Amino acid sequence: MTSASVVAPNLIRIAAALLLNPQGQTLLVRKRGTTAFMQPGGKIEAHELPVHALARELEEELGLTIDPAQASFLGQFSAPAANEPGFVVQAEIFQLTIDADVMPAAEIEEVIWIDPVSDPAVVLAPLTRDLILPFYRHSLTAIA
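Residues numbered from 1 in each chain as written. Predicted model: local features only at pLDDT ≥ 70, side-chain atom pairs only at ≥ 80, totals over all residues. Heavy atoms only, no water.

### Looking at the layout of surface pockets
Turning to step 1, where the next piece is worked out: Of the volumes computed, that of the largest pocket is approximately 360 Å³.
Turning to step 2, where the next piece is worked out: If you go around the largest pocket, you meet 24 residues; those closest to its centre are Ile14, Lys31, Met38, Glu84 and Val89.
Turning to step 3, where the next piece is worked out: Listed by contribution, the elements that provide at least two residues to the lining of the largest pocket are strand S1 (11-20), strand S2 (26-31), strand S4 (41-43), helix H1 (50-62) and helix H2 (126-143).
Turning to step 4, where the next piece is worked out: Taken together, the residues of the lining of the largest pocket break down into 13 nonpolar, five polar and six charged. (1 Å grid on protein atoms, 1.4 Å probe; cavity = no way out; pocket = protein on both sides within 12 Å on 5 of 7 lines; lining within 4 Å. Points joined across faces, edges and corners; volume = space filled by probe spheres on them. Helix = DSSP H or I, 4+ residues; strand = E, 2+ residues; numbered from the N terminus. Nonpolar A, V, L, I, M, F, W, Y, C, P; charged D, E, K, R; others polar.)

Below you can see the structure in the form of structure tokens.
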């Protein structure tokens, strides 16, 4: 058996959102009992498409109902998992603009809106800090 046909046991597959509000801020969440803020989202079940996993997770974690057709796929990003030492998170990232209130639910303890262009004064998960926010900032300068 080749290594290409084996899914790494330390890989966590998730769908996550770069959620933006009309003011251009992005939403970050912090799970109960953790310190790092990250994009909202969660694990992709075996039977789910990533965008459907994202819609389910946003409903469970934030009470947010989205139309999967409105989610723009940005790409697949991988980074060390923030809360599971020795694991790598592989994220399918989607961008959405929402104009709705969100409330932390399920395992989410705190939500914050940040300016994605500046570095927030909070601890960020590696995926958010090293990949998603820099990717988004680069997309903004590419447009300008």
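### A look at H1
Turning to step 1, where the next piece is worked out: The terminal C-alpha atoms of H1 lie 18 Å apart, and with 13 residues this matches the ideal 18 Å at 1.5 Å per residue to within 8%.
Turning to step 2, where the next piece is worked out: Among the residues making up H1, those that are buried are Val51, Ala53, Leu54, Ala55, Glu57, Leu58, Glu61 and Leu62.
Turning to step 3, where the next piece is worked out: Against the buried residues of H1 lie S1, S2, S4, strand S6 (88-97) and strand S7 (108-114).
Turning to step 4, where the next piece is worked out: One or two steps after H1, the chain reaches Gly63, where phi turns positive at roughly 65°. (Expected span 1.5 Å × (residues − 1). Buried < 20%, exposed > 50% of the residue type's maximum accessible area, 1.4 Å probe, protein only. Contact = heavy atoms within 4.5 Å.)

### Topic: the pattern of salt bridges
A pair can form between side chains of opposite charge whenever their charged atoms are brought close.
Turning to step 1, where the next piece is worked out: Counted by the stated rule, this structure contains eight salt bridges.
Turning to step 2, where the next piece is worked out: A salt bridge links Arg30 to Glu109; its shortest N-O distance comes to 3.6 Å. Here Glu109 lies in strand S7 and Arg30 lies in strand S2, a separation of 79 residues in the sequence.
Turning to step 3, where the next piece is worked out: Two residues, Asp130 and Arg129, come together in a salt bridge whose shortest N-O distance is 2.7 Å.
Turning to step 4, where the next piece is worked out: A single salt-bridge network, built from bridges that share partners, covers Glu45, Glu48, Arg56, Glu57 and Glu60. (Salt bridge = Lys/Arg side-chain N within 4 Å of Asp/Glu carboxyl O.)

### Considerations on the confidence of the model for the protein chain
Turning to step 1, where the next piece is worked out: The share of residues in the protein chain with pLDDT of 70 or more is 93%, and the mean pLDDT across the chain is 91.
Turning to step 2, where the next piece is worked out: Segment residues 1-5: pLDDT under 50, and one contact once partners within four positions in sequence are set aside and those in other chains are kept. (pLDDT = per-residue confidence, 0-100.)

### Notes on the nonpolar core
Turning to step 1, where the next piece is worked out: In this structure, Leu19, Leu54, Leu58, Leu62, Leu64 and Leu96 are the most contacted members of the largest nonpolar core, which totals 23 residues.
Turning to step 2, where the next piece is worked out: Counting only elements with at least two residues in this core, the list comes to S1, S2, H1 and S6.
Turning to step 3, where the next piece is worked out: Grouped together as the second largest cluster of nonpolar side chains are 14 residues, Ile12, Ala81, Ala91 and Leu127 included. (Core = buried A, V, L, I, M, F, W, Y, C linked by side-chain atoms within 4.5 Å.)

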